Amino acid sequence: MAKVQLKDVVLARSGDKGDTCDISVFAPNEAVYEHLKRVLTPDVVKAHFGAWVEGPVERFEVPNVLALKFLCHGALGGGASSSLRLDNLGKCFGSNLMRLEIDMPDQLLNQLRAGGEHR
Amino acid sequence: MKQVKVGAAQGFYGDIIEPAVDLAEKSDVQYLCFDCLAELTLAILQKDRQRDPSLGYTKDVTTTARALLPYVKRKGIKLITNAGGLNPEGARREMVRIAQELGLQGLRIAIATGDDILGRLDELQAAGVDLSDRETGQPLDAIRDRLLFANAYLGAQPIVQALRQGADVVITGRTTDTAQFLAPLIYELGWAADDWDRLAQGLVLGHLMECSGQVTGGNFSGDWWNVPDLDRIGYPLAEVSEDGSFILTKAPGTGGTVSVDTVREQFLYEIHDPTTYVTPDAVADLTAVRIEQAGPDRVRVSGAKGRPAPPTLKAVMGYRNGFMGSGMIGFAWPKALTKARRAAEIIRKQLDRLGVQYEEFWVDYLGVNALHGPAAPIPDEDKINEVFLRVSIRTKDREQAARLLRLFPPLVLNGPPGVAMMPFAAHTRELIGLWTTLIPRELVEEKVRVSVEEVG
C-alpha cells in the first residue's frame, strides 16, 4: 500500500448549479475505478473540504466513463450570483479534491506507472 | 446515409467569435449553434432592458452578425442562438440592421418567444401553479417584489418549427443549453418527437458542445500542458448520423485536442444525476453512453438511452438579494500573511466601530488559500513572497457596501508595512438570488410563438 495524491491518478472537473458544487472524478482504468469506489466515499470528500461544504455530499457511480460524481450541497456560499467567494462558480473544487491523499495498492500504482498513466 | 454537421459557436455571453469563423471558413459545418445564456445572464440583460427597453439581448449579436451572416448567405450555414435573452425581437432588429448594412437581402431570420413568464405569474398562480422554490420550499411571496426576471426553459421544438418555416437564423430567449444543438438534428434527420433514444443522443451532443472549448482541450485537468495552441483553440464540430451516433471533432488547422479524456470531462460537467438528465425534449440516461477514440482529434459517441419528456418545464427566476462590497490590498514579504491577517482585523474593527450594517464578513488570502480554502495547507511563512488580502461584506443596500471600500486606502499609511494599493479591485455589486420552480408545460407552450422575417 502506498499513499498517493489524487492529482497523480485522476482527472477531475467541477462546476456549479445554485449552491451545489458538482465534481466529477475520472479513473484511468477499471482497476483504479473499482479502488476509488471503495476509498472515495462521500464522507471522505466532505471531510476534505471542511467548512467549505456545509451540506451533505452525494455520490453517483458512472462506470461507462469510469467516473464518480460528487454533489456537494451548500458549497458555494449561497450560489454563484449570491456568493462572496472568489471561486463563486466552484471551478476550483476539482483541483482542490486532487489534493486528497488516498491509499493505493502497490500493484495498481505499478500498473499506472508502467502504462504512463501516472502523472 | 444522411449526415448533418453542427458546430459550436459560443459557450457564453462574451465568448470569442474567431473559432466560429474558423468552423465556417475551414469546415463544411451546416449549423453553428450558440449557448449564450448562463443562469445569471438574464439578470445582466434585465438591467440593460431597464435602462433601455430596446435592449435585453446579448449585445454581441452585432459582432456575431458581422462575422457570420456573410457565411449564412454564401455557404448556406444556419445560425441558431439563444442570444435573444429577454428581447428576441430586439436581437432580430439588430441582426436585420447588420444584414442590410452588409447587403445580405433575402436572409430569413426567425424568433421564438414565450419563455418570458414574468408578466404571467398571477395568471399561473390563478391556474393553480405552485411557484414555490424547489430548493427551499419557500412561497414566491417571499421574493415577489424583488423579482428581476422569470423564464421557463424551452426545448428544441420551437427552433425546429422555425427551421421548417425556412429560417436561416433562429433567435430564441431562454432555451436549454442543448436545444440549439438538438433542433437541427430533429429537423435534418427527421427524428420523431418521441424517438427518445435518438433525442437522448442529441442531448448528449448538445451537452458536450454547449461549453465550446471545454470539450476541445480547454479547462482540461489532465496533461493540459500538452494541449497545443490554446490561443487559437478550435470549437467542437459534430458529424451526426441518422441513428444519432456522432463523431466529435474540430476545424482543421485549429488548436486544442479532442480525446476520450477531454470529452468525458465535459460529458458529466454540471450534470447532476447521470441517469436522469432532464430536459424539455427527453430525459437522457448518460450511463449507457460509449465514448471511443476514432482517430486523431476524433471521438465517437453513441448509445444514449432516453425516456419520455417530463410534463413540466423548469423555470428560473432571479431576484435582488442584497449587495456585496469588496476591496483588496497587497502585502510583501516578510510576514506577508501575518500582515494581511492583521489588516483584515483592522478593517473588521473599523467596520464595527462605524456601525456598518453587514450580514456576512468574508476574507480571502490570495496566493495562499482563496481558491482552495480549508483544504489548502498554509506554507511556511518565510516562503510566502506576497499575499493579497480581499475583504468582502454582504449588506442590504449599496451604501453600506460602499463604506467598506473607503477603509482600504488609509491602510497604506496606518497599517502593516510593505503595501501595494489595489484601488481597481474596489467595487460594489448587486447580488442576485435564483429561484427554481416547475410549471405544467402546456401552460407555457400555449404562448410560444415563432415568426420569420425576411431581410428586405
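Residues numbered from 1 in each chain as written. Chains lettered and ligands numbered in written order. Predicted model: local features only at pLDDT ≥ 70, side-chain atom pairs only at ≥ 80, totals over all residues.

It is worth spelling out the overall build of chain B at this point. Looking only at helices and strands, one finds 13 helices and 19 strands in chain B. Here the C-alpha atoms of chain B give a radius of gyration of 25 Å, agreeing with the 23 Å that 2.2 N^0.38 yields for 456 residues. Looking at chain B residue by residue over its 456 residues, the buried ones come to 52%. Partitioning the intrachain contacts of chain B with sequence separation of at least 6 by distance along the chain shows that 77% fall at a separation of at least 24. (Helix = DSSP H or I, 4+ residues; strand = E, 2+ residues; numbered from the N terminus. Rg over C-alpha atoms; globule rule 2.2 N^0.38 Å. Buried ≥ 20, exposed ≤ 12 C-beta atoms within 10 Å, placed from the backbone. Contact = placed C-beta atoms within 7 Å.)

With that settled, consider the overall build of chain A. If you tally the helices and strands in chain A, you get four helices and six strands. Mapped in sequence order, the helices and strands of chain A form the string β-β-β-α-α-β-β-α-β-α. Relative to a compact globule of 119 residues, whose C-alpha radius of gyration would be 14 Å, chain A shows 15 Å and is just as compact. Dimensions of chain A, computed from C-alpha atoms along their principal axes, come out at roughly 45 × 25 × 20 Å.

In this section: the sheet that holds strand S2 (residues 11-17) of chain A. All names here are of chain A. Spatially, four strands are ordered S2-S3-S5-S4 in an open sheet, and the strand pairing comes out antiparallel. In the strand order of this sheet, the two ends are held by S2 and strand S4 (57-62), each with one partner. When the angles between neighbouring strand axes are averaged without regard to direction, this sheet yields 20°. With six bridges joining them, strand S3 (residues 20-26) and strand S5 (residues 67-72) adopt antiparallel strand pairing. The residue bridging Ile23 from the neighbouring strand is Phe70, located in S5. (Pairing = 2+ DSSP bridges. Axes fitted to C-alpha atoms, helices over the stretch in contact; angles between N-to-C directions.)

Now for the domain arrangement of chain B. Quite often, the size of an interface is put as the accessible area lost when its parts meet. Partitioning chain B into domains gives domain 1 (3-115 + 153-310) and domain 2 (319-432). Computed over C-alpha atoms, the centres of domain 1 of chain B and domain 2 of chain B are 40 Å apart. (Domains from an automatic or database assignment.)

This part covers the interface of chain A and chain B. Contacts between the two partners involve 35 residues from chain A and, on the opposite side, 40 residues from chain B. Broken down by secondary-structure element, the contributors of at least two residues to the side of chain A that touches chain B are S2, S3, helix H2 (42-49), S4, S5 and helix H3 (93-97) of chain A. Here the side of chain A that touches chain B gets six residues from one element, more than from any other, and that element is S2(A). Split by residue class, the side of chain A that touches chain B holds 15 nonpolar, twelve polar and eight charged. (Nonpolar A, V, L, I, M, F, W, Y, C, P; charged D, E, K, R; others polar.)

Looking now at the packing of helix H7 (residues 179-189) of chain B against helix H8 (residues 196-209) of chain B. Residue and element names in this part refer to chain B. Orientation of H7 relative to H8, taken along the N-to-C sense of each, is 140°, at an axis distance of 8 Å. As far as their axial angle goes, H8 and H7 are oblique. The element H7 and its partner H8 pack so that their crossing is right-handed. For the pair formed by H7 and H8, the contact residues are Phe181, Leu182 and Leu185 on the first element and Leu199, Gly202, Leu203, Leu205, Gly206 and Met209 on the second. When its residues are assigned to classes, the contact of H7 with H8 shows seven nonpolar, two polar and no charged. (Parallel < 35°, antiparallel > 145°, perpendicular 65-115°, else oblique. Left-handed = near helix turned anticlockwise from the far one by under 90°.)

Before going further, it helps to spend a moment on unusual backbone geometry. Residue and element names in this part refer to chain B. Residues Trp333 and Pro334 are joined by a peptide bond in cis, for which omega reads 0°. Looking at where Pro334 falls in the secondary structure, it is placed in the loop between strand S14 (312-332) and helix H10 (336-354). The phi torsion at Ser212 lies on the positive side, around 40°, for a residue other than glycine. As for its position among the elements, Ser212 is in the loop between H8 and strand S7 (236-241).

In this section: the packing of helix H6 (residues 157-164) of chain B against H7(B). All names here are of chain B. Closest axis-to-axis distance for the H6/H7 pair is 8 Å, and the angle between their directions is 50°. For the element pair H6 / H7, the angle class is oblique. The handedness of the crossing between H6 and H7 is right-handed. Contacts between H6 and H7 involve Ile159, Val160, Leu163 and Arg164 from the former and Ala179, Gln180, Ala183, Pro184, Ile186 and Tyr187 from the latter. Among the residues making up the contact of H6 with H7, the classes are represented as eight nonpolar, one polar and one charged.

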